[in-house]
Structures are given as C-alpha cells and as structure tokens.
Amino acid sequence: MSDASPMPAQALLRVAVDAPQHSGITGPLDYLSEQALAPGSLVRVPLGRRELMGIVWPGESADPTDPALLRPILGALGGLPPLSPHWCQLLEFAAGYYQRTVGELALSVLPPQLRELEGSQLQLRLKKVAKWAAEQAKVPAAEPSVPTLSPAQAEVLAQLDALLLAPAPPPVLLYGVTGSGKTEVYLRAAEHALKAGRQVLVLVPEINLTPQLEARFAERFAGVATVSLHSGLTPAQRLRNWLAAHLGEAKLVLGTRLAVFASMPQLGLIVVDEEHDPSYKQQDGARYSARDLAVYRGHLEKVPVILGSATPSLESWQRANEGRYQRLALPERIGGGAMPRVRLFDMKTLPLTKGVTTALTAPLLDALRLRIARGEQSLIFLNRRGYSPVLHCGECQWKSECPHCSAYRVFHKGDRTLRCHHCGFTERVPHACPSCGNLDIAPLGRGTERLEEQLAEALPGARVARIDADSTKLKGELEAQLNAVHAGEVDILVGTQMITKGHDFRRITFVAAVNPDAALFSSDFRAPERLFALLMQAGGRAGRDAEQAARSEMWVQTWHPEHALYKALHKHDFEAFAASQLAERESAGLPPYSHLALLRAEARTPEAAKAFLDAAARWAQQLPEAQGLLIYPPVPMSVARVANVERMQMLVEAGHRGALQRLLWHWLPELGALKREHKGLLRWAVDVDPLAI
Ligand SMILES: [Zn+2]
Ligand SMILES: [Zn+2]
C-alpha cells in the first residue's frame, strides 16, 4: 500500500457516550472506524477536546451526519467480548423510561475502573479473572446438607421447573411468610438453572444481607464460581467481579440494585429477594427501580424472574391478582413453627401520668423480664436513631433546629453532639440554652440510643445491645454485633429497621414495636404499606426456631389498636391488608391504579423553585400529550429545606403508563431551556414511579 492510497474503507459507528447534560447530546453519536465493530464493543472516542469511553450502540443513526464531518474513533478496547444486544436493549429501555440519556446510564453502570483502563491493563485483568475462575473450579464439591422439601416447597418448585422450560415465562411472585423457606426455593431453582449451564442473578435489598446470602449459596454450591456486585466493593473488586460475570466465568451473581445491570451472557434465572423493599429504588441520578427492571430483563431475555416476599409490594400483588404475574405461595413456616402471637397493647389503658411518655411501659418491662429469666432473647424495634430527636429548653421553648434545614438536629448522647440527619451539620451539645442561657435543656422524644440507656436502667443486669446506622458505622461492627446476638451474649437487642431484615435470629422469642403509630397518619400514601411490611418482618424475627415458636410473641404498643392495619397484623393477614389498601388506592386513584412522576426543583428560595415548576406546568398544559393527565400544583417537600437548598415538587398523574411516558418525552427536553430562564434554580430532576411522595 503506497502513501498516496486513499483512506481505507471506513465503517460508520453509533457510539453512546456519557456526555455532560448541558451539551444537549441525547442519543448516540456517529463516528468513523477503520474496522467494523460489533454493537456492544467498548471504544475510545474524541468529544470536543476530551477523550471518552463509549459503547458502540446497535441500530441505525436516526439523523446521519455527513461522513466528511465525522471524526474517527481513537481505538477499541480489544480482548473484551461486546456487551450483548439484550444488555443494550435493557439499558435503552431503562434510559428511556427513567428519562436519562442512554450513554449516561449505560456508562454509569459499568465498573468505574473499566472506563479508565488501557488495552494492556485490561489484558492483565482478564488473565487474573481466568486464573480466579480456574481456582474456583478446583474447590471440591463437598456434599452439602440439603434439607428435605416441605410439600408446599416441592409444589412450588415443580411449577418453577415447568417455568424454567417455558419459552416466555411470566414473572413469579413467590409469596411466603417469613421462615417459610423461600431461600431454599431460590437455591433449588438456581441449582436447576446452573445445571442447565445458565447464569443466575440474585438481588437482595441491602449490602448487609449479601454476606449471609453468599454463605448460604457458597455452602450449597461449592465449586460454582460466585461473585457479588454492590457498592461496598473496592473498584478493583468490582471490576474483577463484573468481568467474571461478563465473561460467563461467574455462574452466580449476588448483588444489590446495581447488579440488575450486570452483563451476563448466559443468564437463565433472576431472583429478587424481598421484592417490596424500597432500597430497590435508586434515589438519585437515574431513579430506577431494580425490581421493575429485573422483571423487564426477564421479559426481554425470556428467563424466569422470581420476586420473593412475605409482604409483596401492592404493585406486584395487584399484577398477580390480574394474572400478569404467576403467584406461588408458601403459606406455612418450615418445621411447623408458628407465627408469633401478636399482642396489640392499647396505650390508652395506661394510667395517665403528667408529662410522661412511656415507651417502656410496665407490662412491656414485665414481658422482657420473663424472657430474660427464661434465657430467651428479645428485640425492640424503634425507627429512630440517636438519643432523642430534639433537644428542648423548657424556659424559652428553644429547640435544636438545624440552621440549614427545616428539620431538628438529633441529640446523640454518645459523643455529645447535635447532628442533622439531612445535611450532616454537627455541633457539640451546648451547655446552656443558646437562646436564653437556661442550663436545664432536656431531650424530647426518644431514639434507639436513649431506649438502650433506659432499658439498662430499668432492667439492671440485662445485657442490652443496639444495632443501627450509628452503631455499625465501622467495617465489621455489624458482623461482630450480630455474632454476639447469635452467641447468646445479648438479652435485648434494640435497633432501627436494620434489625428487622433477613437476619436469622434463632433465640429471639419476643419482638416489640414501641412507637409505630406515626406512619398511620403520614401524608405519604405508601406509609401504611411500609409499616405493615416492617412489622411483619420484625415479627418474623421471633420464633424461627420451631421449639420456641409456640411461645413467641410480638408486642405492638399503639394508641389505635382498632386500626385496620393492626387488625390485619394481629391475624398475620397480609391478604386482608392488601385487599383493604388496594380498595383505598383504587378509590383514590393512586398506584397501582394510576401512574405517577414527580418533577422536583431545588433553588435558593422557595419562590424560585415554585416559579420554575409553575412555568414547567404551563409548558406541559399546552402540549396535546397532557390531555387527560393531572398536573398538581407545586408543594414543598416534606423536609423543604436541606443544606440551605429549598426543595419543591410537582406531581403528575396519569391513568396509563404510556400516556405518562409520552408526556414526559415531549415535555422534559424543553425544561433545559426553561432552566436557563430561571436564574435562581439550582437543579431539577424527574422521578418516574416515585416511592416517597
Ligand atoms: Zn431557652
Ligand atoms: Zn441540616
């Protein structure tokens, strides 16, 4: 080939890049390449004066640029198989549905290290993964102890097996009370998929739960290469695990919500454990629901999806009612263990003592003493960490407000600080009232820290431990505390909702919720659903050992024992609760009978936030797509000011998902220009299918 020869034939590539939002780039960009590259290949491309990682994207350019104006790619990341067409489709759907650009979302779900690697570094990583996989295969497959299935489990599995073979299986809602053996069903279903040579993806709501699940799977599947994917991994671990899944070396992938985007070329089964858990919804950036995307991914790849829960989300429950999901039930606890008896303790029966709010009522203390005497463990659940939610001066009514937020700073007695749980602003507790100098400032209300202290005072000699976000900040602390509980070194465990999830406490026979009423009267229509799930889950911690199940008890202190939620809880009747909630939702036109999006605005002043949302609403109103949809007036968020930023939101409601999507598609692209006209506005965002209103 002489120097004068023309340029070699150039292939036209569409490349998805993570372009900054202000660039106005919404879709993949066109580039030239000397070699034709398969969609899903990773490439380096120039953008302006920068050099970016991009993904060759499937499909034709909608609006092709004149090839003479195009720039060539800088290189391809060789040695890495391309991301699959299914993966690209999943990302394209997710980006469209949650109103992000495909490049932004697709690049953001890849391991950060992958985006920075040079070709030679990648080769090294790939070699390491191959070595790791070879080592995994050498682990001797010990004979695991496999429990005998209950008739209900066997029945559920037979149906699941039939689904594994179906050409396009519907999602399965595995509705099983706590302790009914859902995990065993996951294990068996996984075993069958693995035997068929497929990969299995298991999602859990919290990182805390992954070690426990990993142990269960490792015990059953020695020799099966397993990786986890969650935000607690180091960047190097995350890349290694991602590569192992992408290369098909890792057969089992366990992870939190971000793992729903794991590249798994031989995917054969997806399990979403505790599918109702709000942690599956991402709360910033692309506000996606990993549960909903798992269902979509199953549909796309035609693989079974198991959504497991003792208290399914009302969305999933309703879809099962409609026959869109197949409902399989495990109605009984394994080994004949009974659900704990629920005792609704009516706070109105207490003698009224002036100014005293008793969480530790005398009958509750008696019940705790009884358990201690029998050598059993108790769990007390209070969804508020810290010592007390407010510090208060009785002289001048000063309260420990956060100067930057419309919220109180919480008193943490352990380190004598006032801490804002919204912006993090922390100060030493003042010696005297900052407003009037009164020395007698007192805590108002109660958090887990104070409850722990009061328990220790009321029950001398009792071994009280606390598990919440404060007591488990350091690595390994949670594990150490859980081990102490398992070893029987704790009589009473106090904690936030952290202790209600998943942990398999064998010696707990008594669970108490001391102050759960607030959720009954929340402005958030999902609050009762969450409270019910939380209480059922907390109650499920008790009596997991069949021997102790008979005398297990759940104690709920309430001022409203006649409330329908507590009535249903009393009978462990999720179905009755779901039916009553769904009836309420239907008459109020709330999800799952309608579809919502929230437009949020943040500004230095509430006026600026409101002005932007009002203008956005006016813009929407003149679009034909807004016909028949409801756009509510802007309102401040429940905590309106955080770190000196005023936050408002505006609800959009539609009868049909498609109608909502059409409006968002025509409306949101205009908001960038609108933002430029509203100088006081800091940022705006949209939340499709918001979980918290
Ligand atoms: Zn004062
Ligand atoms: Zn604050």
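Only a predicted model underlies this, so the values are computations on that prediction, with no experimental measurement involved. (Residues numbered from 1 in each chain as written. Chains lettered and ligands numbered in written order. Predicted model: local features only at pLDDT ≥ 70, side-chain atom pairs only at ≥ 80, totals over all residues. Heavy atoms only, no water.)

With that out of the way, let us pick up the overall build of the protein chain. Per the secondary structure count, the protein chain includes 20 helices and 28 strands. Projected onto its principal axes, the C-alpha positions of the protein chain cover 100 × 65 × 50 Å. In the protein chain, which comprises 693 residues, the share counted as buried stands at 53%. Contacts in the protein chain between residues far apart in sequence, at least 24 positions, make up 75% of those at least 6 positions apart. Entry remark: accessible area of the protein chain is about 31,000 Å², with carbon and sulfur atoms responsible for 54%. Separation between the mean location of the 75 positive side-chain charges and that of the 72 negative ones in the protein chain comes to 2 Å. (Helix = DSSP H or I, 4+ residues; strand = E, 2+ residues; numbered from the N terminus. Buried < 20%, exposed > 50% of the residue type's maximum accessible area, 1.4 Å probe, protein only. Contact = heavy atoms within 4.5 Å. Areas by Shrake-Rupley, 256 points an atom, 1.4 Å probe, with all protein chains shown as cover. Lys, Arg positive; Asp, Glu negative; His and termini not counted. Charge placed at Lys NZ, Arg CZ, Asp CG, Glu CD.)

On to the coordination of the zinc ion (ligand 1). Distances from the zinc ion (ligand 1) to its protein donors, Cys-393 (SG), Cys-396 (SG), Cys-433 (SG) and Cys-436 (SG), fall at 2.2 to 2.4 Å. Here the zinc ion (ligand 1) binds 4 donor atoms, and the angle range of 105 to 114° at the metal identifies the geometry as tetrahedral. Within one chain, the residues donating to the zinc ion (ligand 1) are spaced in sequence as C-x2-C-x36-C-x2-C. By relative accessible area, Cys-393 is classed as buried at 0%. (Donors = N, O, S within 2.8 Å, 3.2 Å for Na, K, Ca; no water. Tetrahedral: all angles 85-135°; square planar, octahedral: opposite > 155°, others 65-115°.)

A few words now on the confidence of the model for the protein chain. Parts of the model with low pLDDT should not have their predicted coordinates read in detail. Mean pLDDT over the protein chain stands at 89; residues scoring 70 or higher make up 96%. Confidence drops under pLDDT 50 across residues 1-6; counting only partners more than four residues distant or on other chains, this segment forms 0 contacts. (pLDDT = per-residue confidence, 0-100.)

Quick look at the sheet that holds strand β22 (residues 508-513) now. The sheet built from 6 strands is open, its strands ordered β13-β23-β22-β14-β21-β20 with parallel pairing. Among the strands making up the open sheet, the edge pair consists of β13 (341-346) and β20 (464-467). Going across the sheet, the axis of each strand differs from the next one's by a mean of 20°, ignoring polarity. Across 4 bridges, the pairing between strand β14 (residues 377-381) and strand β21 (residues 492-495) is parallel. Its bridge partner lying in β21, Ile-380 is registered against Val-494. Across the face of the sheet, helix α11 (residues 362-373) comes into contact with β13, β14, β21, β22 and β23 (553-558) while running at roughly 165° to β22. Strands in contact with helix α12 (residues 448-458) are β14, β20 and β21; relative to β20, the strand with the most contacts, it is inclined by about 175°. (Pairing = 2+ DSSP bridges. Axes fitted to C-alpha atoms, helices over the stretch in contact; angles between N-to-C directions.)

A few words on the packing of helix α6 (residues 182-195) against helix α7 (residues 210-220). Direction vectors running N to C along α6 and α7 enclose 45°, while the axes themselves pass 11 Å from each other. For the element pair α6 / α7, the angle class is oblique. Handedness of the crossing formed by α6 with α7: right-handed. In this structure, α6 uses Thr-183, Glu-184, Tyr-186, Leu-187, Arg-188 and Ala-190 to contact α7, whose residues at the interface are Leu-213, Arg-216, Phe-217 and Arg-220. Its residues assigned to classes, the contact of α6 with α7 shows 5 nonpolar, 1 polar and 4 charged. (Parallel < 35°, antiparallel > 145°, perpendicular 65-115°, else oblique. Left-handed = near helix turned anticlockwise from the far one by under 90°. Nonpolar A, V, L, I, M, F, W, Y, C, P; charged D, E, K, R; others polar.)

Turning to the pattern of salt bridges, a few remarks are in order. Oppositely charged side chains can form a pair if their charged atoms are brought close together. In this structure the tally under the stated criterion is 32 salt bridges. Arg-324 is paired through a salt bridge with Glu-322; the nearest N and O atoms lie 3.0 Å apart. Judged by relative accessible area, which is 44%, Glu-322 ranks as partly exposed. Connected through shared salt-bridge partners, Arg-385, Asp-415, Arg-419 and Asp-470 make up one network. (Salt bridge = Lys/Arg side-chain N within 4 Å of Asp/Glu carboxyl O.)

For the zinc ion (ligand 2), the full set of protein donor atoms is Cys-402 (SG), Cys-405 (SG), Cys-420 (SG) and Cys-423 (SG), at a range of 2.2 to 2.3 Å. We note that the donor set of the zinc ion (ligand 2) lies within a single chain, spaced as C-x2-C-x14-C-x2-C. You can see Cys-402 sitting in the loop between β15 (390-393) and β16 (410-412) and its partner Cys-423 sitting in the loop between β17 (417-419) and β18 (426-428), a full 21 residues away along the chain. Exposure remark for Cys-423: the relative accessible area of 29% places this residue in the partly exposed category.

Look at helix α4 (residues 119-138): 29 Å from first C-alpha to last across 20 residues, which is about the 28 Å you get at 1.5 Å a residue. Within the span of α4, buried status applies to Leu-122, Leu-126, Val-129, Trp-132, Ala-133 and Gln-136. Around the axis of α4, the buried residues are gathered within 120° of arc, so they sit on the same side. What points out from α4, more than 90 degrees from its buried face, is the exposed set Ser-120, Leu-124, Lys-127, Lys-128, Lys-131 and Lys-138. (Expected span 1.5 Å × (residues − 1). Arc of directions from axis to C-beta.)

This part covers the side chain of Arg-291. Within the element layout of this structure, Arg-291 appears in helix α9 (residues 290-301). Judged by relative accessible area, Arg-291 falls into the buried class, the value being 9%. Of note is the side chain of Arg-291, whose polar atom sits 2.6 Å from the side chain of Asp-292. Apart from residues lying up to four places away in sequence, Arg-291 is in contact with Val-272, Glu-275, Tyr-280, Leu-307, Ser-313 and Ser-316. (Polar contact = N/O pair within 3.5 Å; in protein donor to acceptor, adjacent residues only side chain to side chain.)

For the pair α4 and helix α8 (residues 235-246), the least separation of the axes is 10 Å and the interaxial angle reads 70°. By the criterion of interaxial angle, the relationship of α4 to α8 is roughly perpendicular. Once α4 is placed against α8, the crossing between them reads as right-handed. In contact with Arg-125, Leu-126, Val-129 and Trp-132 of α4, α8 contributes Leu-239, Arg-240, Leu-243 and Ala-244. Along the lines of polarity and charge, the residues of the contact of α4 with α8 split into 6 nonpolar, no polar and 2 charged.

Time to look at the sheet that holds strand β9 (residues 252-255). The strand order β8-β9-β7-β10-β11-β6-β12 describes an open sheet built from 7 strands, whose pairing is parallel. Looking at strand neighbours, the two that pair on one side only are β8 (226-229) and β12 (326-330), the edges of this open sheet. Direction aside, neighbouring strands of the sheet carry axes that sit 20° apart on average. Those strands touched by α7 are β7 (199-203), β8 and β9, and its axis lies near 165° from that of β9. Taken strand by strand, helix α10 (residues 314-321) contacts β6 (172-176), β11 (305-309) and β12, and its axis lies near 110° from that of β6.

Mapped onto the secondary structure, Phe-521 falls in the loop between β22 and α14 (527-539). Residue Phe-521 is classed as exposed on the basis of its relative accessible area, which comes to 55%. C-alpha separation for the pair Phe-521 and Ala-456, spaced 65 residues apart in sequence, amounts to 31 Å.

Ranked by internal contacts, the top residues of the largest apolar core, which has 135 residues, are Trp-87, Leu-114 and Trp-667. If one sorts the elements of this core by residue count, helix α18 (residues 606-621) sits on top with 8 residues. Contact partners of Leu-114, with chain neighbours within four places excluded, come to Leu-42, Met-53, Leu-77, Leu-80, Leu-122, Leu-239 and Trp-242. Core analysis: the second largest hydrophobic core is formed by 26 residues, Val-172, Val-185, Val-202 and Leu-330 among them. (Core = buried A, V, L, I, M, F, W, Y, C linked by side-chain atoms within 4.5 Å.)

Per the counting criterion, the structure on display carries 13 aromatic pairs. With centroids separated by 6.2 Å and ring planes inclined at 50°, the aromatic side chains of Phe-510 and Trp-555 adopt a geometry described as tilted. You can see Phe-510 sitting in strand β22 and its partner Trp-555 sitting in strand β23, a full 45 residues away along the chain. Judged by relative accessible area, which is 0%, Phe-510 ranks as buried. For Trp-555, a relative accessible area of 1% puts it in the buried group. Aromatic pair Phe-532 and Phe-577: ring centres 4.1 Å apart, planes at 5°, arrangement stacked. Of the two residues, Phe-532 is situated in helix α14 and Phe-577 in helix α17 (residues 574-588); the sequence distance between them amounts to 45 residues. For the pair Phe-532 and Phe-577, one class covers both residues: buried. Of the aromatic side chains, those joined through ring pairs into one cluster are Tyr-175, Trp-317, Phe-532, Phe-574 and Phe-577. (Phe/Tyr/Trp six-rings, centres within 6.5 Å; stacked < 30°, edge-to-face > 60°.)

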